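Each chain, written out:
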Amino acid sequence: MTIKDDIEIGDSKPEVSEPLLVKTLAEQDGSGIGNSTRKSSEGQPWMVYLSTFVAVCGSFEFGACAGYSSPTQSAITEELDLSTAEYSLFGSILTFGAMIGAITSGPIADFVGRKWTMRIASAFCVGGWLAIYFAEGVLALDIGRLATGYGMGVFSYVVPVFIAEIAPKNLRGRLTGINQVMICTGVSVTYIIGIVLAWRTLALAGLIPCAIVILGLFLIPESPRWLAKTGRQKDFDAALRKLRGKNADISEEAAEIQDYIETLQKLPKAKLLDLFQRRYLRSVIIGVGLMVFQQFGGINGICFYVSAIFTSAGFPSDLGTIIYAVLQVVVTAIGATLIDKAGRKPLLLVSASGLVAGCIITGLSFYFKGHDLVLDAVPILAVTGILLYIASFSAGMGAVPWVVMSEIFPINIKGVAGSFATLVNWFGAWVVSYTFNFLIDWSSYGTFAIYAAINALAIWFVIKVVPETKGRTLEEIQAAIST
């Protein structure tokens with residue numbers, strides 16, 4: 001029996017009464033439940049905005065953790081007398097912490113709620129930054145880096161899920177897209193201020209977004225969908241009312257969420273192997289597939305090598321990296337504003353097409369340089385290719401996979417499935433980062449040809465497999481995918 005069948009069974013329950021005026025307006029608009037949900041969703045968006053702001057401070061913290069090692073390498077290595085291998089471990093252990101965070105984030109979020117999960121992530125980041133600040137040797141550095149990596153991995157899952165569960169459908173894509181904007185902003189700000197701040201002071205600066213998250217969580221409600229799932233009816237009503245406003249009609253939206261949750265509660269508790277059941281397989285393929293293409297298209301390798309590419313093109317590496325970072329933030333912000341207007345699939349298709357073009361152009365620059373052809377064009381091609389690549393990634397492939405992941409999994413498997421997809425993402429980030437130098441040594445232009453081919457496959461995947469989720473409730477999306 002599919003989830004859609006279960007929802008149809010739930011339709012036999014008594015209808016929730018609604019005010020005559022609301023019902024009449026819905027009939028005039030001819031949009032039914034979707035329209036009434038829209039009306040209730042637009043009652044009081046300021047609380048949704050505040051809740052989103054608090055959550056995406058966790059995304060900023062994610063970016064601060066990721067960007068910390070780049071501007072601090074020479075200072076830490078010199079002051080603590082670290083070898084290249086010791087500092088490389090310090091940089092890369094962040095990814096292992098993030099993998100652990102990805103594995104545990106879903107079950108924790110399902111057990112203690114989305115807000116407490118963000119508190120736990122913040123606590124790990126606070127402990128990690130303090131360990132780095134007081135470090136006098138490599139052990140404390142690595143412990144601190146591992147702890148911040150764990151918090152980063154938890155934030156990478158729980159923030160987009162929380163935003164998707166509190167946002168009305170007409171704002172969900174844009175608000176969830178802010179997650180990626182704030183990650184990029186965190187990386188860029190950390191890199192820029194890291195040029196002027198001492199490495200210990202920069203570690204203390206990483207505490208600021210954690211403080212905002214911890215304090216801000218006292219002001220915002222828990223996810224209504226999680227409260228409904230755990231049977232806390234009073235808290236569910238209060239949270240939904242707080243998000244939608246005192247005067248908003250929440251009856252239709254509440255009934256739709258409750259009916260869907262009741263249907264899912266009849267299903268057994270999900271385990272990892274359950275994700276491969278027929279009813280869930282399509283959503284898992286979509287979520288995991290997008291994460292695979294996001295990472296194996298080369299983004300972490302490009303980021304790792306960007307300074308060297310700008311240097312070879314005749315650009316100062318600091319200036320080039322700052323331009324790269326600013327462009328990333330600006331284009332990601334533009335993409336976030338378009339996601340609910342243009343839709344998820346168009347942004348993904350435009351993004352993947354640009355990634356293919358960027359890889360080809362950059363690959364050609366290396367090919368020409370290696371064969372002593374049109375050498376005057378090599379710097380222009382290299383810079384153009386890299387900037388096109390990062391702009392294209394930021395426009396869609398950076399943010400949209402996280403938005404879609406937060407939308408497509410039914411709530412009874414969201415913890416397990418979301419953790420699995422996030423783990424795949426972090427594993428892909430590690431694989432690409434680890435193999436990039438080996439591939440470049442093998443063939444610089446061949447490396448970008450491989451990335452171009454993978455991004456071309458992503459275009460096919462988006463066209464054939466990924467559904468458009470714009471303008472639909474989470475329950476509508478999940479029921480349609482599970483048929």
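Residues numbered from 1 in each chain as written. Predicted model: local features only at pLDDT ≥ 70, side-chain atom pairs only at ≥ 80, totals over all residues. Heavy atoms only, no water.

Caption draft 1: Up close: the overall build of the chain. If you tally the helices and strands in the chain, you get 23 helices and zero strands. Within the chain, the proportion of its 483 residues that are buried is 55%. In the chain, 83% of the contacts between residues at least 6 apart in sequence involve partners at least 24 apart. For the chain, the exposed surface amounts to about 19500 Å²; the carbon and sulfur share of it is 68%. (Helix = DSSP H or I, 4+ residues; strand = E, 2+ residues; numbered from the N terminus. Buried < 20%, exposed > 50% of the residue type's maximum accessible area, 1.4 Å probe, protein only. Contact = heavy atoms within 4.5 Å. Areas by Shrake-Rupley, 256 points an atom, 1.4 Å probe, with all protein chains shown as cover.)

Caption draft 2: Quick peek at the environment of arginine 114. When you line up the elements, arginine 114 lands in helix H7 (residues 114–133). Looking at arginine 114, the relative accessible area reads 1%, which means it is buried. In contact with arginine 114, other than residues within four places in its own chain, are Ala109, Val158, Val161, Phe162, Glu165, Glu222, Ser223, Trp226, Ile411 and Lys414. There is a polar contact of 2.8 Å between the side chain of arginine 114 and the side chain of glutamate 165. (Polar contact = N/O pair within 3.5 Å; in protein donor to acceptor, adjacent residues only side chain to side chain.)

Caption draft 3: The environment of proline 410, seen in detail. Counting through the fold element by element, proline 410 comes out in the loop between helix H20 (400–408) and helix H21 (414–442). The exposure class of proline 410 is buried, given its relative accessible area of 0%. Sequence-wise, proline 410 and isoleucine 477 are 67 residues apart; in three dimensions their C-alpha atoms are separated by 9.1 Å.

Caption draft 4: Main features of helix H23 (residues 474–481). Along H23, six of the eight residues are buried, which leaves the element largely enclosed by surrounding structure. Residues of H23 that are buried include every one of Leu474, Glu475, Ile477, Gln478, Ala479 and Ile481, and no others.

Caption draft 5: Seen up close, the pattern of salt bridges. All told, the structure shown has eight salt bridges when counted by the stated rule. Its salt-bridge partner being glutamate 165, residue arginine 114 comes within 2.8 Å of it at the nearest N-O pair. Taken together, the residues arginine 114 in helix H7 and glutamate 165 in helix H8 (residues 138–166) connect sequence positions 51 residues apart. Assigned by exposure class, arginine 114 and glutamate 165 land together as buried. The partner of arginine 244 in a salt bridge is glutamate 253, and the shortest N-O contact between them spans 2.9 Å. The structure contains a network of salt bridges with shared partners spanning Asp110, Arg114, Glu165 and Lys229. (Salt bridge = Lys/Arg side-chain N within 4 Å of Asp/Glu carboxyl O.)

Caption draft 6: Structural detail: the nonpolar core. If you look at the biggest cluster of nonpolar residues, it comprises 105 residues, and the most contacted ones within it are Tyr68, Ile76, Met118 and Leu141. In terms of residues, this core owes the most to one element, H8, which gives twelve residues. Leaving out residues up to four positions away in the same chain, methionine 118 has contacts with Ala55, Phe155, Val158, Val159, Phe162, Val213 and Leu217. Core analysis: the next-biggest nonpolar cluster, separate from the first, contains 13 residues, Ala239, Ile250, Tyr260 and Ile261 among them. (Core = buried A, V, L, I, M, F, W, Y, C linked by side-chain atoms within 4.5 Å.)

Caption draft 7: Examining the packing of aromatic side chains more closely. Taken as a whole, this structure holds 13 aromatic pairs when the rule is applied. Centre to centre, the rings of phenylalanine 366 and phenylalanine 448 are 5.5 Å apart; their planes meet at 15 degrees, and the pair counts as stacked. One end of the pair, phenylalanine 366, is in helix H18 (residues 344–370); the other, phenylalanine 448, is in helix H22 (residues 444–464), and 82 residues separate them in sequence. Pair check on accessibility: phenylalanine 366 and phenylalanine 448 agree, each one buried. Arranged with centres 6.3 Å apart and planes meeting at 65 degrees, the rings of tyrosine 367 and phenylalanine 368 form a pair that is edge-to-face. By way of ring pairs, the aromatic residues Tyr68, Phe90 and Trp129 are connected into one cluster. A cation over a ring is seen here: arginine 119 above tryptophan 116, with NZ or CZ 4.7 Å from the ring centre. Just above the ring of phenylalanine 90 sits the side chain of arginine 145; from NZ or CZ to the centre is 5.2 Å. (Phe/Tyr/Trp six-rings, centres within 6.5 Å; stacked < 30°, edge-to-face > 60°. Lys NZ or Arg CZ within 6 Å of the ring centre and 35° of its normal.)

Caption draft 8: How the structure looks around the packing of helix H17 (residues 317–342) against H18. Axis separation between H17 and H18 bottoms out at 7 Å; the angle between their running directions is 125 degrees. In terms of orientation, H17 lies oblique with respect to H18. On H18, the residues that touch Gly335, Leu338, Ile339, Asp340 and Ala342 of H17 are Arg344, Pro346 and Leu347. Among the residues forming the contact of H17 with H18, the class breakdown is five nonpolar, one polar and two charged. (Axes fitted to C-alpha atoms, helices over the stretch in contact; angles between N-to-C directions. Parallel < 35°, antiparallel > 145°, perpendicular 65-115°, else oblique. Nonpolar A, V, L, I, M, F, W, Y, C, P; charged D, E, K, R; others polar.)

Caption draft 9: Local environment of the environment of valine 424. As for its placement among the helices and strands, valine 424 is situated in helix H21. For the pair valine 424 and methionine 99, spaced 325 residues apart in sequence, the C-alpha to C-alpha distance is 8.5 Å. Among residues more than four places away in sequence, those in contact with valine 424 are Val288 and Val292.

Caption draft 10: Up close: a nonpolar patch on the surface. Nonpolar side chains collect at one region of the surface, where Ile192, Val326, Val330, Ile334 and Leu338 lie side by side and expose about 380 Å² of accessible area between them. Considering every element that reaches the nonpolar patch, the biggest residue donor is H17, with four residues. Within the secondary structure, isoleucine 334 sits in helix H17. Residue class for isoleucine 334 comes out partly exposed when judged on its relative accessible area of 46%. (Patch = residues over 30% accessible without salt bridge, like charges linked within 9 Å, V, L, I, M, F, W, Y side chains within 5 Å.)

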